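One-letter residues, chain by chain:
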Amino acid sequence: LVTTWLKKKQKMAAEESEELLENEEINESEEEELLKDEPQEEGPLHDVVEVEERQKKRSYLQRVFWSIIDTMFPPLTSDSGKVKLSRKRSCIILLLLYISHIFSAWGDRMWTFANSLFVALLYPGSLLMPAIFGLIMQLFVVVFGTIVGDWVDTNPRMRVAWMSLLIQNSLVAISSVILSLMFYFSWDVCNDVLLFGLLITMVILFGSLANLATVANTIAIERDWIVVIADNNSNTLAVLNANMRRFDLLCKLLAPIFAGVLLTHTSSLLPSHREETAGGFVATVFIGIWNVVSFFGELSLLFLVYKLVPALANKRLRGKTDLSDDDEEEEEEVEVKLKPSHVQES
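Residues numbered from 1 in each chain as written. Predicted model: local features only at pLDDT ≥ 70, side-chain atom pairs only at ≥ 80, totals over all residues. Heavy atoms only, no water.

(A) Inspection of the packing of helix H3 (residues 87-122) against helix H7 (residues 193-229) at higher detail. Contact geometry for H3 and H7: axes closest at 11 Å, N-to-C directions at 160°. Considering the angle they form, H3 stands roughly antiparallel to H7. Handedness of the crossing formed by H3 with H7: left-handed. Here Ile93, Leu94, Leu97, His101, Ser104, Asp108, Trp111 and Leu122 of H3 come into contact with H7, specifically with Phe196, Gly207, Thr214, Asn217, Ile221, Glu222, Ile226 and Ile229. Tallied by class, the residues present in the contact of H3 with H7 amount to nine nonpolar, five polar and two charged. (Axes fitted to C-alpha atoms, helices over the stretch in contact; angles between N-to-C directions. Helix = DSSP H or I, 4+ residues; strand = E, 2+ residues; numbered from the N terminus. Parallel < 35°, antiparallel > 145°, perpendicular 65-115°, else oblique. Left-handed = near helix turned anticlockwise from the far one by under 90°. Contact = heavy atoms within 4.5 Å. Nonpolar A, V, L, I, M, F, W, Y, C, P; charged D, E, K, R; others polar.)

Below you can see the structure in the form of structure tokens.
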């Protein structure tokens, strides 16, 4: 009797719980239907929240953008910080300087990586020629580096810039023409020992002199021009040096990859030649054209920077006072006029 009574109680409790659950589900479904039928009063609030979130995202992106701009294009000053240049003028000056440096660094890194490979392809089976090429280039820097530095210090800035660019790009272009002819007529050239030795000697000599011109241009731009553009401000100078170094490292990373692609994936342009010589011919032609075009691009960009920063025209030459390029020419004319007549005639 007790067990039957307990079973009945359990059944009744289970039925009551099931009824309660069903009633709760019915109430929830009714509430949902009522909410659907009722007009949504929280819609405008939800739209306001979305607008605020969008504004926060937009303001965050704007802060990131302007922080990048401030890092890449810091505000410039002149006259020892007395005159603050506008944001637009500062950005234009630095943008022209950066583009010119990218042109120069890309061509230099591409040529430095490819010249040893060119010599190795023309003299296969040995790394003697690339080793001699690198040794002579570094010996030229060691022997003539001080002379190049003195020449940079004793000449006006614009003269150093255009002469170093002219020597560098023209010699690299001439070396590229010689190498392209050697690749195109590789069978005839490589079998003639005297002709091969003469052409390789010319390439090594021109490449070493072009490397000296690169050193002169690097000293002039990165050690002199940037200091004047930063107006001797240590913070601005640190930012500019870091940015120039960053572009240099990017070119150092990407230019060899591009040169390697030219060497290995352009052989189909000359199907009558071997794969190595065809790739070398296309790569040398491209490097030669690049140096000719980049010369005019770099020179025009540096000339614009020179005009936008008047302080670059004043340089304290060794043994002279602060003179601009025009003042130096006038001083030379005055010195010639003041000389005695018999000295001028002699």
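There is more to say, and it comes next.
(B) Quick look at a nonpolar patch on the surface. Together, Leu250, Leu253, Leu254, Ile257 and Val261 line one region of the surface with nonpolar side chains, adding up to about 440 Å² of accessible area. Within the fold, Ile257 resides in helix H8 (residues 234-265). (Patch = residues over 30% accessible without salt bridge, like charges linked within 9 Å, V, L, I, M, F, W, Y side chains within 5 Å. Areas by Shrake-Rupley, 256 points an atom, 1.4 Å probe, with all protein chains shown as cover. Salt bridge = Lys/Arg side-chain N within 4 Å of Asp/Glu carboxyl O.)

(C) Expanded view of H8. Across its 32 residues, H8 extends 46 Å between first and last C-alpha, which sits within 8% of the 46 Å expected from 1.5 Å per residue. Among the residues making up H8, those that are buried are Thr236, Leu240, Asn243, Met244, Phe247, Asp248, Cys251, Ala255, Pro256, Ala259, Leu262 and Leu263. The opening residue of H8 is Asn233, an N-cap whose side-chain oxygen sits 3.1 Å from the backbone nitrogen of Asn235. (Expected span 1.5 Å × (residues − 1). Buried < 20%, exposed > 50% of the residue type's maximum accessible area, 1.4 Å probe, protein only. Polar contact = N/O pair within 3.5 Å; in protein donor to acceptor, adjacent residues only side chain to side chain.)

(D) Highlighting empty space enclosed by the protein. Considering all chains together, one arrives at one cavity of 30 Å³ or more under this definition. One number sums up the size of the largest cavity: a volume of about 70 Å³. Lining the largest cavity are Gly107, Asp108, Trp111, Thr112, Met137, Gln168, Val172, Gly207, Ala210, Asn211, Thr214 and Asn291. Within the residue set of the lining of the largest cavity, elements represented by two or more residues are H3, helix H5 (157-184) and H7. The residue inventory of the lining of the largest cavity, partitioned by class, reads four nonpolar, seven polar and one charged. (1 Å grid on protein atoms, 1.4 Å probe; cavity = no way out; pocket = protein on both sides within 12 Å on 5 of 7 lines; lining within 4 Å. Points joined across faces, edges and corners; volume = space filled by probe spheres on them.)

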